[in-house]
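Secondary and tertiary structure notes
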Amino acid sequence: MGNKRNELRENTNRSDGPRADLHLHTTYSDGARTPKEIVQRAHAANLSVIAITDHDNVGGIDEAVEEGKSFGIEVVTGVELSVALNDKDIHLLAFFFDHNDKKLLDYLSFFRYERLKRAERIVQKLNDINIPLKLDAVLDQAGVGSVGRPHIASALMEEGLTGTYHEAFLRYIGAGAPAYERKYQLSPVEATQLITQAGGLSFLAHPGKYTTDLELSTLIKSGLDGIEVVHPSHNEARQEFYRGVVDQYFLLECGGSDYHGGKKNDENVLGVYTVSLDIVEDMRNRLFS
Ligand code: AMP
Ligand code: FE
Ligand code: FE
Ligand code: ZN
């Protein structure tokens, strides 16, 4: 175990040897590129295994799997869910579940419906403070994808109603801002149970972004199988810290780029934030042996 961990440690972020990126967004949520395009870019970035992890949506997976076959890229089933911990928005990543599981699909379409209702409420609140954004402008941004605040921020920019993407969150739609609206969320326990019953594994996404260490320990007790260790928001020290937590609680690790197709100024992350294939193997072993 110790040796394997050390080996993994040395491997993380190294460019040689087959690599995996287990955190990618497409047009099925707030990414700019289709699942096909993501696979093509993953190939160009020398990735062997990828997971498409759209917010509340598994609609892009089959297209990616098909395209992956032409490039010899394995596409692992994935999704990113939002859960609420004491009113805080926490993201979970799930892998290896059955993406045709009826109960999971029902929940995901309910989450997307609730996202749409929430976008309507946000647009109403914006109109109330004299920001003349139309729902259609938001829906144009979202296309087939799950509607989220990133689409609202982009629509505000497109319509010249905000200077920058970030400003849209600060002034209007971020937590605490005047047009902020919560979305429907499960509790961490409900979400991990939903994933478990669909045959998958749940991970805490990018804890370094905003999860305190106290929240981390609460979340671990909610049935998480692992923690996202490699992520653009984690420096080396954070990665080491989370790897220590993973070892201590016999958890798994995952990692990836959280690439949104250049939408969030993240064009340079593909192929940089990767994990070794051993990590994918560890997941399979936890599930299937
Ligand atoms: P939603 O799931 O619709 O609530 O949107 C959440 C997404 O909005 C996050 O995954 C981030 O990509 C983005 N986001 C949230 N807060 C901010 C912020 N303050 N600045 C920029 N992007 C943000
Ligand atoms: Fe996103
Ligand atoms: Fe996230
Ligand atoms: Zn993400």
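A brief look at the structure comes next. As the structure is a computational prediction, the values presented were derived from the model and not from experiment.

With respect to the coordination of the zinc ion (ligand 4)
- Summarising the metal site, the zinc ion (ligand 4) is bound by the protein donors H23 (NE2), H25 (NE2), E80 (OE) and D258 (OD), whose distances to it range over 2.1 to 2.3 Å.
- Because the angles between the four donor atoms bound to the zinc ion (ligand 4) fall within 78 to 170°, the donor set is best described as irregular.
- Donor residues binding the zinc ion (ligand 4) come from one chain and are separated in sequence as H-x1-H-x54-E-x177-D.
- Between the two metals, the zinc ion (ligand 4) and the iron ion (ligand 2), the spacing is 4.4 Å. Note that H23 is positioned in strand β1 (residues 19–24) and E80 in strand β4 (residues 78–85), a separation of 57 residues in sequence. The burial state of H23 is the same as that of E80; both residues are buried.

Topic: the pattern of salt bridges
- What the rule picks out here adds up to 17 salt bridges.
- Between E253 and R243 there is a salt bridge whose closest N-O contact spans 3.4 Å. You can see E253 sitting in strand β8 (residues 252–255) and its partner R243 sitting in helix α11 (residues 236–248), a full ten residues away along the chain.
- Looking at E253, the relative accessible area reads 3%, which means it is buried.
- What you see here is one network of salt bridges that share partners, running through R33, R41 and E267.

Let's talk about the sheet that holds strand β5 (residues 88–95)
- With respect to topology, five strands assemble into an open sheet ordered β4-β5-β6-β7-β8, the strand pairing being mixed. The open sheet is flanked by β4 and β8, the only strands paired with a single partner. The sheet shows a mean angle of 40° between the axes of neighbouring strands, taken without regard to direction.
- For β5 and strand β6 (residues 201–204), the ladder comprises four bridges, and the chain directions are antiparallel. Bridge pairing in β6 places L93 opposite F203.

Criteria and thresholds
- Residues numbered from 1 in each chain as written.
- Chains lettered and ligands numbered in written order.
- Predicted model: local features only at pLDDT ≥ 70, side-chain atom pairs only at ≥ 80, totals over all residues.
- Heavy atoms only, no water.
- Donors = N, O, S within 2.8 Å, 3.2 Å for Na, K, Ca; no water.
- Tetrahedral: all angles 85-135°; square planar, octahedral: opposite > 155°, others 65-115°.
- Helix = DSSP H or I, 4+ residues; strand = E, 2+ residues; numbered from the N terminus.
- Buried < 20%, exposed > 50% of the residue type's maximum accessible area, 1.4 Å probe, protein only.
- Salt bridge = Lys/Arg side-chain N within 4 Å of Asp/Glu carboxyl O.
- Pairing = 2+ DSSP bridges.
- Axes fitted to C-alpha atoms, helices over the stretch in contact; angles between N-to-C directions.

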